[in-house]
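# Overview (structure and organization)
Given next are the chains, with one letter for each unit.
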Amino acid sequence: MLREIDTDVCVVGGGPAGLVLALLMLRSGARVTVVECARAHQRAFRGEILQPGAMALLDALDVLAGARARGAHRHDRFLVIEGERVLLEADYRLLPAPYDHLLSVPRPHLLDELLAHCRRWPGFRYLPGRRADGLLRREGAIAGVIADGPPGRCVVRARVVVGADGRFSRIRRLAGIGAGRAEAFAQDVLWCTLIVRPGEPRVGDVRVFRTGGGPVLVHGSWPDRIQIGWTLPHRRYRHIAGLGLDQVTERLVRAVPQYAAPIREQIRTPADLGVLDVFSARAERWVADGLVLIGDAAHTHSPIGAQGINLAVQDAVVLHPLLVRALAEGDTSAERLAEFERRRGPDIAAVMRMQTLQSRAILSRGAFTTRVRPRLARALRRTPLYRKVLQRMAYGNPSIRVAEAGVCGRT
């Protein structure tokens, strides 16, 4: 039986961007329906590090404490290491408390907490296990979503649709908006999650080990895990994988020999590894009549610098008051909604520039990188510029705040 739903806002994608926006709009009196293609905990989650900027905004929504109580892992520093030498260090302890660290929160913990808050509002509907496979249109404008899946087919009529369905956004494609993919990083990241055995030291910092086989990211994850991300030239993993799983694990062991035992013991099948296609992108446009794209659907980033959740949460916070006013005034045209891209676009461009610089610092070779840069970094640490750069990494645009927006109008 076809289910039909009328709502104010249909959010496609139940990740951090979509659920933060849903909660904000519910608090402003809107009816919100979230369409999510995955069922609970079916997706493979990798990025889970919260920057101080995201922590502050989630705290303002009373979400951070609950997500943290479900289980989290604190990191004080971000380090780039080669051999025994620290090439670069970002010491978050120099920032004002309480957001003077990075926080690794398993994605299900954050999403479950956000969902729990959304479900307190009577105007909220959550439709998991359904994939958007069509857009409704009325007089040329997008007016809803057709979604289908094992729970059943449904039609969601909405005053505005928000595409928050990730870097391979189906909503973006259905709307005919180009992804704007750029091979700026041209890399793949091979991911694995390992269990820390009793007696082994916990990883207290986010570390990038520069090795001859490519940089390797290592960080602790709740409750007793470490995540490892090995950066490879784009599509290089296919060649390595063709040599057999033993070759993959031994090359990873050579890159981070301190984790040799758990790598050899716990990586037993190809399913224990995941490959992330790394690229940057900015959609050709973020809006259409009746539609807004946010998060990775609008702009996709490298995992360098752990900016993904930070940007997703900030997008939702910036869009919220603009969308409330648009609904209250009955104008969800592309011209009106484009204010979101005008406001947010410069922040995204700045992050992309910063990630390009960070990528060069991590991937570049030579005497300047290994000898001169560490001395410059130590000298910089004693200057106000160090804290300014650290603040920018941690918060992005520090002026972004959760707004107490008014009540949404309905026609």
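Anyway, here's the lowdown on the structure attached to this text. The residue numbers shown here count from 1 along each chain, following its written sequence. This being a predicted model, a pLDDT of at least 70 is required before a residue's local features are given, and a value of 80 or more before pairs of side-chain atoms are given or counted; all residues contribute to the totals for chains, interfaces and linings. The basis for the side-chain values is all heavy atoms of the structure; hydrogens and waters are excluded.

Under the scheme used here, helices are H or I runs from DSSP no shorter than 4 residues and strands are E runs no shorter than 2 residues, and both carry numbers assigned from the N terminus. If you tally the helices and strands in the chain, you get 13 helices and 19 strands. Note on classification: 1.4 Å probe, protein chains only; a residue is buried when its accessible area is under 20% of the maximum for its type, exposed when over 50%, partly exposed between these limits. Counting over 411 residues, the chain shows a buried share of 55%. Whether two residues are in contact is decided by their heavy atoms, any of which lying within 4.5 Å being enough. Put simply, 74% of the contacts in the chain that link residues at least 6 apart link residues at least 24 apart. For the area figures, the Shrake-Rupley method with a 1.4 Å probe applies, and any residue is considered shielded solely by the protein chains shown. In the form shown here, the chain has an accessible surface area of approximately 18,000 Å², with 52% of it arising from carbon and sulfur atoms.

Along the chain, Thr231 falls in strand S15 (residues 225–233). By relative accessible area, Thr231 is classed as buried at 16%. When residues no more than four places from it in sequence are discounted, the contact partners of Thr231 are Gln187, Asp188, Val189, Gly213, Gly214 and Pro215.

Taken in spatial order, the three strands line up as S3-S7-S4 in an open sheet, and their pairing is antiparallel. The two strands at the open ends of the sheet, each matched to only one other strand, are strand S3 (49–50) and strand S4 (73–75). For two strands to be treated as a pair, DSSP must find no fewer than two bridges joining them. In this structure, S3 lies alongside strand S7 (residues 102–104), joined through two bridges in antiparallel fashion. Considered in S7, the bridge of Ile49 is made with Ser104.

A few words on the packing of aromatic side chains. For Phe, Tyr and Trp, where Trp contributes only its six-membered ring, two rings pair if their centres lie within 6.5 Å, and the inter-plane angle classes them as stacked under 30 degrees, edge-to-face over 60, or tilted in between. Tallied over the full model, the rule gives two aromatic pairs. Ring plane angle 15° and centroid distance 6.3 Å describe the contact between Phe124 and Tyr126, whose orientation is recorded as stacked. We classify Phe124 as buried; its relative accessible area is 11%. On the accessibility criterion, Tyr126 (21% relative accessible area) is partly exposed. Centre to centre, the rings of Trp286 and Phe340 are 5.6 Å apart; their planes meet at 50°, and the pair counts as tilted. Residue Trp286 is found in the loop between strand S16 (274–282) and strand S17 (287–288), and its partner Phe340 is found in helix H11 (residues 339–363); the two are separated by 54 residues along the sequence. Judged by its relative accessible area of 1%, Phe340 falls in the buried class.

Every buried residue belonging to helix H7 (residues 245–255) is among Val248, Thr249, Leu252, Val253 and Ala255, and all of these are buried. Taken around the axis of H7, the buried residues stretch over an arc of 160°, which confines them to a single face. Those residues of H7 that are exposed and aimed more than 90 degrees away from the buried face are Asp246 and Arg254. Taking the helix axis as origin, the arc is that swept by the directions to the C-beta atoms.

It is worth spelling out empty space enclosed by the protein at this point. Note on definitions: the grid is 1 Å and covers protein atoms alone; a cavity is a set of points where a 1.4 Å probe fits but cannot get out; a pocket is an open set with protein on both sides within 12 Å along at least five of seven lines; lining residues have an atom within 4 Å of a point. Grid points are joined across faces, edges and corners, and a volume is the space filled by probe spheres set on the points. All chains considered together, the criterion is met by two cavities of 30 Å³ or more. Taken as a whole, the largest cavity encloses approximately 70 Å³ of empty space. Every residue lining the largest cavity is listed: Gln307, Asn310, Leu311, Gln314, Arg344, Asp347, Ala350, Val351, Met354, Arg392, Gly396 and Asn397. When residues of the lining of the largest cavity are traced back to their parent elements, those giving at least two are helix H9 (308–328) and H11. Per element, the largest residue contribution to the lining of the largest cavity is five residues, and it comes from H11. Residues are grouped as follows: Ala, Val, Leu, Ile, Met, Phe, Trp, Tyr, Cys and Pro are nonpolar; Asp, Glu, Lys and Arg are charged; every other residue, Gly included, is polar. In terms of residue class, the lining of the largest cavity is made up of four nonpolar, five polar and three charged. What lines the second largest cavity is Gly295, Asp296, His299, His301, Gln307, Gly308, Leu311 and Ala312. Of all the elements, H9 adds the most residues to the lining of the second largest cavity, at three residues.

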